[in-house]
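Architecture and fold: a report
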Amino acid sequence: MTVEQDENANSVVNIKGLSLTFETNDGPVHALSDIDLTINQGDFVSFIGPSGCGKTTLLRAVADLEQPTGGELWVNGVSAREARLNRDYGYVFQAPALYPWRTIAGNISLPLEVMGIPKSERQERIARNMELVNLSGFDRKYPWQLSGGMQQRASIARALSFDPELLLMDEPFGALDEIVRDHLNEQLLRLWDKTDKTVLFVTHSIPEAVFLSSKIVVMSPRPGRIYDVIDCNLPRDRGLDIRETPEFLEIAHRVREGLKEGHSYDD
Ligand SMILES: Nc1ncnc2c1ncn2[C@@H]1O[C@H](COP(=O)(O)OP(=O)(O)OP(=O)(O)O)[C@@H](O)[C@H]1O
């Protein structure tokens, strides 16, 4: 198979007619159907939709952790499997998932050790990524010595440690209180601006999606489909106060309407 390189020269994720059905003891579960989506280099794309609409499944398919049952999926111009083997992405889960017996530096170091990166280069990369997430000086601490927000920043540093092009984030701030979440949103935006990574971000929060994204994908359930794709052209150096502006509120309104219309409310 070949990717249509001309059409998609700038695309990092390319999805065409993708469907994914889980076979279960109770019969098939149609998690995703007819997904078409192109994500370009440097995009920050949020996925929002009601519980069970397939956001996590879509992210996991991009990461080659679930296998589509139909359609095409390309990551960096190759199959999801090849992209995984090339370590083209870092994955951040809802819970920080740090090893408690390793220090913060030790946790960030782990993927680099698995890759066989020499110690001096590992140390340099650990320091650089800890600085990126504002954790410099905490390298010898253990996860349980840090707050939830700091642990999640450490998880982001770990996902970035091998400098992947793509960052896949599944509700990374969902379990944190609103003040911490606001702060982390600002930091993530700065990080995105500095590194120009392509980010796929799952969230349930409309303000979070609008604040962070260059593109918002609104999904609807049973089976999971894309209901709307909204371009967000807010200034790149935005601060939290942008949430009071008419431009922000207008995009938030469109997301809310999409969620309402796409949801069948039959349960
Ligand atoms: N391994 C699996 N086996 C069977 N069904 C699954 C499996 N994983 C997910 N599903 C089902 O697929 C559908 C989509 O699930 P998914 O977790 O992707 O939704 P989501 O939008 O991320 O939900 P939430 O917002 O609650 O995290 C759901 O109906 C879920 O029950």
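Residues numbered from 1 in each chain as written. Predicted model: local features only at pLDDT ≥ 70, side-chain atom pairs only at ≥ 80, totals over all residues.

- Naming follows an unreviewed UniProt entry, where the protein appears as Sulfonate ABC transporter ATP-binding protein of Kiloniella spongiae.
- The UniProt entry for the protein carries the following text under Sequence similarities (unreviewed entry): "Belongs to the ABC transporter superfamily." (UniProt positions renumbered as here; feature names shortened; annotations may be inferred.)

Digging into the confidence of the model for the protein
- On average, residues of the protein score 91 in pLDDT, and 95% of them are at 70 or above.
- By mean pLDDT, the top-scoring element of the protein is strand 3 (residues 44-48) (97), and the lowest-scoring one is helix 6 (residues 178-195) (89).
- Here residues 1-6 scores under 50 on pLDDT; set against residues more than four positions off or in separate chains, the count is 5 contacts.
- Taken together, the chains of this predicted complex give a pTM of 0.92 and an interface ipTM of 0.97. (pLDDT = per-residue confidence, 0-100. Helix = DSSP H or I, 4+ residues; strand = E, 2+ residues; numbered from the N terminus. Contact = placed C-beta atoms within 7 Å.)

Regarding unusual backbone geometry
- Arg 222 connects to Pro 223 through a cis peptide bond whose omega is -15°.
- Within the fold, Pro 223 resides in the loop between strand 9 (215-220) and strand 10 (225-231).
- At Ala 97, a position not held by glycine, the phi torsion is positive, near 50°.
- As for its position among the elements, Ala 97 is in the loop between strand 6 (89-92) and helix 3 (104-114).
- Non-glycine residue Asp 196 carries a positive phi angle of around 55°.

Quick look at the sheet that holds strand 9
- Here we have 6 strands laid out as an open sheet, ordered 6-7-8-3-9-10, and mixed in their pairing. This sheet does not close on itself; its edge strands, each paired only once, are strand 6 and strand 10. Geometrically, the sheet is characterised by an average inter-axis angle of 15° between neighbouring strands, direction not taken into account.
- As paired strands, strand 9 and strand 10 are joined by 6 bridges and run antiparallel to one another. The residue bridging Lys 215 from the neighbouring strand is Asp 231, located in strand 10. (Pairing = 2+ DSSP bridges. Axes fitted to C-alpha atoms, helices over the stretch in contact; angles between N-to-C directions.)

Some points on the packing of helix 3 against helix 4 (residues 119-132)
- For the pair helix 3 and helix 4, the least separation of the axes is 10 Å and the interaxial angle reads 125°. The angle between helix 3 and helix 4 falls in the class oblique. In the crossing of helix 3 with helix 4, the sense of the turn from one axis to the other is right-handed. Counted together, Ala 105, Ile 108, Ser 109 and Leu 112 of helix 3 and Arg 122, Arg 125, Ile 126, Asn 129 and Met 130 of helix 4 form the full contact between these two elements.
- Across the contact of helix 3 with helix 4, the residue classes tally to 5 nonpolar, 2 polar and 2 charged. (Parallel < 35°, antiparallel > 145°, perpendicular 65-115°, else oblique. Left-handed = near helix turned anticlockwise from the far one by under 90°. Nonpolar A, V, L, I, M, F, W, Y, C, P; charged D, E, K, R; others polar.)

Focus: the site of the ligand
- With respect to spatial proximity, 13 residues lie near the ligand, and among them Phe 22, Ala 31, Ser 51, Thr 56 and Thr 57 are the closest.
- Secondary-structure elements contributing two or more residues to the shell around the ligand are strand 1 (11-24), strand 2 (27-40) and helix 1 (55-62).
- Of the residues forming the shell around the ligand, the biggest block, 3 residues, is contributed by helix 1.
- The residue makeup of the shell around the ligand, split by class, is 4 nonpolar, 8 polar and 1 charged. (Near = placed C-beta within 6 Å.)

Concerning helix 8 (residues 246-262)
- Taking 1.5 Å of rise per residue, 17 residues should cover 24 Å, and helix 8 covers 24 Å from first to last C-alpha, within 8% of that figure.
- All of the buried residues in helix 8 are Ile 251, Val 255, Gly 258 and Leu 259. All buried residues of helix 8 fall inside an arc of 100° around its axis, so they share one side. Those residues of helix 8 that are exposed and aimed more than 90 degrees away from the buried face are Pro 246, Glu 250, His 253, Glu 257, Lys 260 and Glu 261.
- On its buried face, helix 8 sits against strand 3, helix 7 (206-212), strand 9 and strand 10. (Expected span 1.5 Å × (residues − 1). Buried ≥ 20, exposed ≤ 12 C-beta atoms within 10 Å, placed from the backbone. Arc of directions from axis to C-beta.)

Focus: the sheet that holds strand 4 (residues 70-75)
- With antiparallel pairing, 4 strands are arranged side by side in an open sheet as 2-1-4-5. Pairing within the sheet leaves two strands with one partner each, and these edge strands are strand 2 and strand 5 (78-79).
- Bridging between strand 1 and strand 4 involves 5 bridges; their strand directions are antiparallel. In the sheet register, Ser 19 faces strand 4, and the bridge partner there is Gly 70.
- Those strands touched by helix 1 are strand 1, strand 2 and strand 4, and its axis lies near 65° from that of strand 2.

Digging into the pairing of strand 1
- Bridging between strand 1 and strand 2 involves 10 bridges; their strand directions are antiparallel. Looking at the pairing, Asn 14 lines up with Thr 38 of strand 2.
- Count of turn residues in the strand 1/strand 2 antiparallel hairpin: 2 residues.

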